[in-house]
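Coordinate inspection notes
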Amino acid sequence: MPPRPATRSGLLRDRDFRLLAAATALGQLGDRVVFLALPLVAIALLRADAFQVGLLTAATTAGSLLVGLPAGAWVDRVRKRPVLIAADLARALVLLSVPAARWCGLLSVEWLYGVALVHGLLTVFFEVSYASYLPHLVGRARLLEANSTLSAIRSATSVGGPALAGPLVGGFGPATTLLASATGTAASALLALAVRDHEKRPERPGTRPRLRREVREGLRFVLARPVLRATILGDALFNLSLAMYQAMLLLFLERELGLDAAGVGLILSGMGCGALLGALSATRIARRLGPGTAVWLAPLVTCPPTALIPLARPGWSLCLAAAGLAALSFGGVVRVVAQAGFQQSLTPDRLLGRMNAAARFVSWGGLPLGGLLGGAAGTAFGAPATLLIAAAGMTLGFLPAFLSPLRTAERGRSRICKPS
């Protein structure tokens, strides 16, 4: 079934896109609850130290490194929507194991490592399929609008997620709160199941496909094009530093500042507010500055304020710290929306899964290392110093895009599409 033409009434008038958007909202709400509740299980219930929290962050993000490349080649061979549904249902079951283990007296830090690792592996398949399904559902002409709309929806739930998770964690405990996350993830799967637009099964090649050859083809396609190469290298540096930052963020807020779960949730809601504002502004900013400029300028301007968090003390300075996190999320969404259109529009349909997987492998492959570095640095230097180091690293993420053809991408699209 070919992609349907865009309508003048907007994407949200399309039933299937509305269902995908609603599934996105519920899935993101569940993820935001996991982001707060899973580390708090380790910090508050199991009294994990800084290195254990860093290792948990590494386990959460190790999926991209372990299965990122073969996941893309496999997704290119099958329909994407069933993969979305299966991954969501499996993630819900994995999350349910945490409260079950708690009630049975079996919960340990090692159990959390396993949950984080399996949940992360399933998330890789979900995200690769999601990014590859979107061009089919909306058509390439509406990708910028679709990415911006879905980012706005995700960002709106990012505001409510931590704000909802904080009182839930405070009232019922972090382990039980994961029930809410599992429920949202399962509901996301049911909404995706209701989408009627079933893409055709990808055509099988005349010869039997070889996984290694397909993986190499995806990597070669990404790395040979300066624009794709620059965006994923910038993402890699940013994400490594972000993982360091996140590994120590909750530890700093809970132990250094003495915030309870509700207070932590309120601070993290600032990130959601920034992300929502970024999603609502991303399309306008990208068109005003040019997508290429938006990609490198966003981290340069919005990452330095994250240094306000480790400088905060109980009292009014916490508001400035929350503003720093809001700026980080604002810039992150603007950058992702601006570069997503480049990545998807430059890639043929048959390579979308491999392109998304290769980009994810390179740009997210440093996340586990960042988590480990964050835990090690937190043990050696303390959480505040680690947060400052990570803030500097995230800011430097602008360099690959700034030094590439993206800086002048608006002046000639045909030139940036060519492999180097």
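Rules behind the numbers
- Residues numbered from 1 in each chain as written.
- Predicted model: local features only at pLDDT ≥ 70, side-chain atom pairs only at ≥ 80, totals over all residues.
- Heavy atoms only, no water.
- Helix = DSSP H or I, 4+ residues; strand = E, 2+ residues; numbered from the N terminus.
- Buried < 20%, exposed > 50% of the residue type's maximum accessible area, 1.4 Å probe, protein only.
- Areas by Shrake-Rupley, 256 points an atom, 1.4 Å probe, with all protein chains shown as cover.
- Expected span 1.5 Å × (residues − 1).
- Axes fitted to C-alpha atoms, helices over the stretch in contact; angles between N-to-C directions.
- Parallel < 35°, antiparallel > 145°, perpendicular 65-115°, else oblique.
- Left-handed = near helix turned anticlockwise from the far one by under 90°.
- Phe/Tyr/Trp six-rings, centres within 6.5 Å; stacked < 30°, edge-to-face > 60°.
- Lys NZ or Arg CZ within 6 Å of the ring centre and 35° of its normal.
- Contact = heavy atoms within 4.5 Å.
- Core = buried A, V, L, I, M, F, W, Y, C linked by side-chain atoms within 4.5 Å.
- Salt bridge = Lys/Arg side-chain N within 4 Å of Asp/Glu carboxyl O.
- Nonpolar A, V, L, I, M, F, W, Y, C, P; charged D, E, K, R; others polar.
- Patch = residues over 30% accessible without salt bridge, like charges linked within 9 Å, V, L, I, M, F, W, Y side chains within 5 Å.

What follows covers the overall build of the protein. On a plain count of helices and strands, the protein comes out with 18 helices and zero strands. Looking at the protein residue by residue over its 420 residues, the buried ones come to 58%. Accessible surface computed for the protein: about 17,400 Å², of which carbon and sulfur atoms make up 66%.

Between its first and last C-alpha atoms helix 11 (residues 291-302) spans 16 Å; for 12 residues at 1.5 Å apiece the expected length is 16 Å, and the two agree. Along helix 11, the positions that sit buried rather than exposed are G292, T293, A294, V295, W296, A298, P299 and T302.

Take the packing of helix 4 (residues 80-103) against helix 5 (residues 109-138) next. Direction vectors running N to C along helix 4 and helix 5 enclose 160 degrees, while the axes themselves pass 9 Å from each other. For the element pair helix 4 / helix 5, the angle class is roughly antiparallel. Here helix 4 runs over helix 5; the crossing is left-handed.

Looking now at the packing of aromatic side chains. The tally for this structure, following the rule as stated, stands at two aromatic pairs. On the numbers, 4.9 Å between centres and 70 degrees between planes, the contact of W296 with F402 is edge-to-face. One end of the pair, W296, is in helix 11; the other, F402, is in helix 17 (residues 399-402), and 106 residues separate them in sequence. Note on W296: relative accessible area 13%, which makes it buried. Through a chain of ring-to-ring contacts, three or more aromatic side chains come together here, namely W296, F398 and F402. A cation sits over an aromatic face here: R91 above F126, 4.5 Å from the ring centre.

Moving on: the environment of P99. Relative to the helices and strands, P99 resides in helix 4. Look at P99 and you get buried, because its relative accessible area is 1%. Taking the C-alpha atoms as reference, P99 lies 7.3 Å from L179; in sequence the two are 80 residues apart. Excluding residues within four positions of it along the chain, P99 makes contact with A175, T176, L178 and L179.

This part is about the nonpolar core. With 60 residues, the main nonpolar core has V98, L112, Y245, L253, L268 and I309 as its most contacted residues. Among all residues touching Y245, those that are not within four sequence positions of it are T306, I309, P310, L325, L387, A390, A391 and M394. Among the nonpolar cores identified, the runner-up in size contains 29 residues, and I232, V333, A358 and F398 belong to it.

A word on the pattern of salt bridges. One pass over the structure, following the stated rule, counts four salt bridges. The closest approach of N and O atoms between R15 and D16, which form a salt bridge, is 3.1 Å. What makes D16 buried here is its relative accessible area of 4%. Between R255 and E254 there is a salt bridge, with its nearest N and O atoms 3.7 Å apart.

A few words on the environment of P314. Mapped onto the secondary structure, P314 falls in the loop between helix 12 (308-311) and helix 13 (317-345). The sequence separation of P314 and L257 amounts to 57 residues, and the corresponding C-alpha distance is 6.1 Å.

The contact between helix 4 and helix 7 (residues 174-193) brings their axes to 8 Å, and the two run at 165 degrees. Judged by the inter-axis angle, helix 4 sits roughly antiparallel to helix 7. The handedness of the crossing between helix 4 and helix 7 is left-handed. Contact with helix 4, carried on its side by R81, I85, D88, L89, R91, A92, L95, L96, V98, P99, R102 and W103, involves A175, T176, L178, L179, S181, A182, T185, A186, S188, A189, A192 and L193 of helix 7 and no other residues of that element. When the residues that make up the contact of helix 4 with helix 7 are grouped by side-chain class, the tally is 16 nonpolar, four polar and four charged.

What follows is about a nonpolar patch on the surface. A surface patch of nonpolar side chains, amounting to about 520 Å² of accessible area, comprises L308, L311, W316, L320 and L388. Looking at the element boundaries, L308 is found in helix 12.

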